[in-house]
Amino acid sequence: MAFVPRLGDFILRFLERMRPSQVPASCSQSTDMYTPGLGRDRRFVLELPDSELAHFALCGDKTDRGASAPSDPRLETFLLSPGRSYSVFIPVAPGSGYGARIRAARQHQHLIKQLSQVPFQQCQLRRLLSYSPGSPPGSTEKGFVLWDPKDCLETERALQGLLVACEAPRPHLGVFEADHSGQLWQRQWELLGGVGDEGLKPVGKARVVPTKEPQLHPVVPDLPLSVVFPSLEEARKVFKECTSLIPEAQEVLNLVDKCPKNVQKGKFPVIAIEGLDATGKTTVTHSIAKTLNAVFLKSPPLCIIQWRKIFDNEPAIIRRAYYSLGNYIIASEIAKASTQSPVIVDRYWHSTAAYAIATEISGRSHYLPPVHHPIYQWPKDLLKPDIILLLTITPKEREHRMQGRGLEKTKEEKELEVNNLFREKVEMSYKRMENPGCHLVDAGPEREKVIQNVLAVIKKYCTSL
């Protein structure tokens, strides 16, 4: 790593030359600014501080010079705030499959972790997506905008050094600035690695032009290939790509492969109980299981729960595949147990899907996939329960119950405590699940009353009990 100081000195000189005061008003310089990750047909989605989304494209110098473009005050207000804003993208080659998407996801997560440390604490990160309208699913790229309110050269230098040190796929980097007429531009460069001037390659600049919001959130078509896997085979493909990166992935696959395929439910009813943490789900499931003399199961199953922390610390595509595979393992246990007695399951596929959708869809809850969208449909190759109950409580009551629980929480459980918008998206996703849908039960009353209400719903729809 002895080359980093030399490269940093070059970067510092280069950035000083790129200061807004040196940007010419005319745009007759390089037009070849369309790098592999930022092609001409790419569109961008920025999550603003108020969680609304702003859509824009990048227009080249010659072909678009002089063309009038509509303005978006939200973009200009955020990207041209005092300080400096950078865009960073991890490119994914079209049609490159799960291996490339996993590498890009791990690279993205690595950068996010590094940017929480010195000297970036003063900076703010906002989610940024890149997509091509009409492209096959899997072409969306994840990135972020880094806003440095103090516009420090130390931040710029550290960011460049961080990106140059990255392994493939090599990130794409840009900086937002205004020309003398006040128009918003993005100046772009590629990081090639190596020593000295070879580490940084300017690739031109482009005008930031607002675009029309698409009918669906751009990430929706990618959900079945990234976090809401529609079959065992799709989730298995992800873990197969992970075996050389995460040894425990092969352990999970070994357990999955021992399970019989296309299992069928026995003659006794299967009841799945869902709900956010602190809704009383654990208490209710155990009480109902005891009352009905039922087998109690929990997802993820015990045979893979020992690796939960490992996969919870991985990017979404790996983490969701872990929970998805856990559902198929628990399905084989359900099939066997339901031949002898009723089965109560603490969380199942709805939980996996609801958290995944809420996490991946940036912006407010109205950007979620619409009601009856296929993403809310139960996988065809996964054993279905007879009934699913969703325990609900008010945010105020949930907050009260969370205090003093002292239980170890996942990253998403912590997010639920502080992010009302995320909690709203999770609950809305739960309620849109279909085939089967959720039966809502108010978990606010006293425990015994909630248990009575749950039993009443179960007996209404499971007449064999």
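These numbers were taken from a predicted model, which means no experiment stands behind them.

Some points on the nonpolar core
Logical step 1: Of all hydrophobic cores here, the largest spans 71 residues; its most connected members are Val 228, Val 238, Phe 239, Phe 311, Ile 334, Tyr 348 and Ile 357.
Logical step 2: Looking at this core element by element, the count peaks at 14 residues for helix 12 (residues 316–337).
Logical step 3: If sequence neighbours within four positions are ignored, Ile 334 has contacts with Val 270, Leu 297, Val 343, Val 345, Tyr 348 and Leu 383.
Logical step 4: Among the nonpolar cores identified, the runner-up in size contains 20 residues, and Ile 288, Ala 289, Ile 344 and Ile 458 belong to it.

Brief notes about the pairing of strand 1 (residues 43–47)
Logical step 1: Counting buried residues along strand 1, four of its five residues qualify, which places the element largely inside the surrounding structure.
Logical step 2: With four bridges connecting them, strand 1 and strand 4 (residues 124–131) associate as antiparallel partners. Residue pairing across strands places Phe 44 opposite Ser 130, the latter belonging to strand 4.
Logical step 3: Bridge count between strand 1 and strand 2 (residues 53–59): four bridges; the pairing is antiparallel. Counterpart to Glu 47 in the pairing with strand 2 is Leu 53.
Logical step 4: Two successive antiparallel strands, strand 1 and strand 2, enclose a turn made up of five residues, where Ser 51 displays a positive phi of approximately 70°.

A word on the confidence of the model for the protein chain
Logical step 1: On average, the protein chain scores 85 in pLDDT, and the residues at 70 or more come to 83%.
Logical step 2: Counting interchain partners and residues more than four positions distant, the pLDDT-below-50 stretch residues 1–39 has 94 contacts.
Logical step 3: Scored below 50 in pLDDT, residues 62–68 makes ten contacts in the model with residues more than four places away or belonging to other chains.

A look at the packing of helix 12 against helix 13 (residues 349–360)
Logical step 1: Running from N to C, helix 12 and helix 13 point in directions that differ by 165°, and their axes come no closer than 9 Å. For the element pair helix 12 / helix 13, the angle class is roughly antiparallel. For the crossing formed where helix 12 meets helix 13, the hand is left-handed. In contact with Ala 316, Arg 320, Tyr 323, Ser 324 and Asn 327 of helix 12, helix 13 contributes Trp 349, Thr 352, Tyr 355, Ala 356, Thr 359 and Glu 360.
Logical step 2: Taken together, the residues that form the contact of helix 12 with helix 13 break down as five nonpolar, four polar and two charged.

So, the environment of Trp 378
Logical step 1: Of note, Trp 378 is situated in the loop between helix 13 and strand 12 (387–392).
Logical step 2: C-alpha separation for the pair Trp 378 and Glu 434, spaced 56 residues apart in sequence, amounts to 6.8 Å.
Logical step 3: Once residues within four sequence positions are removed from consideration, Trp 378 is found in contact with Tyr 348, Trp 349, His 350, Leu 383, Lys 384, Pro 385, Ile 388, Glu 434, Asn 435 and Pro 436.
Logical step 4: Among the polar contacts listed, one links the side chain of Trp 378 to the backbone oxygen of Leu 382, at a separation of 3.0 Å.

A closer look at the state of the cysteines
Logical step 1: With the rule as written, the count across this model stands at zero disulfides.
Logical step 2: For the unlinked cysteine Cys 123, the closest cysteine sulfur is that of Cys 152, found at 7.7 Å.
Logical step 3: Accessibility expressed as a relative area gives 14% for Cys 123, which makes it buried.
Logical step 4: In this structure Cys 259 is a free cysteine whose sulfur lies 7.1 Å from that of Cys 303, the closest cysteine sulfur available.
Logical step 5: A residue is classified by how much of its surface remains accessible, and Cys 259, at 14% relative accessible area, is buried.

Description of the pattern of salt bridges
Logical step 1: Applying the stated rule across the entire model yields 15 salt bridges.
Logical step 2: Here Arg 42 and Glu 141 are joined by a salt bridge, their closest N and O atoms 3.8 Å apart. Of this pair, Arg 42 sits in the loop between helix 1 (4–17) and strand 1 while Glu 141 is found in strand 5 (residues 141–148), placing the two residues 99 residues apart along the sequence. Each of the two residues, Arg 42 as well as Glu 141, counts as buried.
Logical step 3: Here Arg 236 ties to Asp 257 by a salt bridge, and the two come within 2.7 Å at their closest N and O atoms. Remark: Asp 257 occurs in helix 8 (residues 247–258) and Arg 236 occurs in helix 7 (residues 232–242); sequence separation between them is 21 residues.
Logical step 4: Residue Asp 257 is classed as partly exposed on the basis of its relative accessible area, which comes to 36%.

The rules behind each value
- Residues numbered from 1 in each chain as written.
- Predicted model: local features only at pLDDT ≥ 70, side-chain atom pairs only at ≥ 80, totals over all residues.
- Heavy atoms only, no water.
- Core = buried A, V, L, I, M, F, W, Y, C linked by side-chain atoms within 4.5 Å.
- Buried < 20%, exposed > 50% of the residue type's maximum accessible area, 1.4 Å probe, protein only.
- Helix = DSSP H or I, 4+ residues; strand = E, 2+ residues; numbered from the N terminus.
- Contact = heavy atoms within 4.5 Å.
- Pairing = 2+ DSSP bridges.
- pLDDT = per-residue confidence, 0-100.
- Axes fitted to C-alpha atoms, helices over the stretch in contact; angles between N-to-C directions.
- Parallel < 35°, antiparallel > 145°, perpendicular 65-115°, else oblique.
- Left-handed = near helix turned anticlockwise from the far one by under 90°.
- Nonpolar A, V, L, I, M, F, W, Y, C, P; charged D, E, K, R; others polar.
- Polar contact = N/O pair within 3.5 Å; in protein donor to acceptor, adjacent residues only side chain to side chain.
- Disulfide = S-S within 2.5 Å.
- Salt bridge = Lys/Arg side-chain N within 4 Å of Asp/Glu carboxyl O.

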